[in-house]
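A structural walkthrough
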Amino acid sequence: MQAQQTVIFDRIDALYERKIETILWANLKVGWMKQKAETNLAVAYNPEHGSHMTTAKASSTFTDFWKAGATVVFFTGPPLSLFGRYAMNDQVEAELVYSW
């Protein structure tokens, strides 16, 4: 769990809608089968606007060298909120990693 508060002294409209913005973060990561499979759920919530971002990830390690995973990211909230302005940018990602 983490709480973050941003205070903008000048040029509020550069990124944030309000002078003070708060984000509450929660992250849950679980390893399965002796860390061969891993799941991660992360949520960021902005109480000033009721907007949030949710990220879910699952990955699996096949060998000492190969790992594959998939991630989904969702943004919701009012159009001018911190996360709501990205509501049309939900995404799905896949990755294949080779490490040596």
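Below: a short report on this structure. (Residues numbered from 1 in each chain as written. Predicted model: local features only at pLDDT ≥ 70, side-chain atom pairs only at ≥ 80, totals over all residues. Heavy atoms only, no water.)

An order of 1-2-3-4-5-6 is seen for the six strands of this open sheet, with the pairing classed as antiparallel. If you trace the sheet from one side to the other, it starts and ends with strand 1 (2-7) and strand 6 (91-98), each paired once. Here the average twist between neighbouring strands, direction ignored, is 15°. As judged from the nine bridges shared by strand 2 (residues 20-32) and strand 3 (residues 37-46), these two strands associate in the antiparallel manner. (Pairing = 2+ DSSP bridges. Helix = DSSP H or I, 4+ residues; strand = E, 2+ residues; numbered from the N terminus. Axes fitted to C-alpha atoms, helices over the stretch in contact; angles between N-to-C directions.)

Relative to strand 2, strand 1 runs antiparallel, the two sharing six bridges. Of the residues in strand 2, the one forming a bridge with glutamine 5 is threonine 22. Counted along the chain from strand 2 to the antiparallel partner strand 3, the turn is four residues long, and its residue methionine 33 has a positive phi close to 50°.

Our focus in this paragraph is the pattern of salt bridges. Tallying each qualifying case throughout the model produces two salt bridges. One salt bridge connects lysine 29 with glutamate 38, and the closest N-O pair in it is separated by 3.7 Å. Between lysine 57 and glutamate 95 there is a salt bridge, with its nearest N and O atoms 3.2 Å apart. Note that lysine 57 is positioned in strand 4 (residues 51-61) and glutamate 95 in strand 6, a separation of 38 residues in sequence. Taking the relative accessible area as the measure of exposure, lysine 57 reaches 32% and is therefore partly exposed. According to the relative accessible area criterion, glutamate 95 is partly exposed, its value standing at 35%. (Salt bridge = Lys/Arg side-chain N within 4 Å of Asp/Glu carboxyl O. Buried < 20%, exposed > 50% of the residue type's maximum accessible area, 1.4 Å probe, protein only.)

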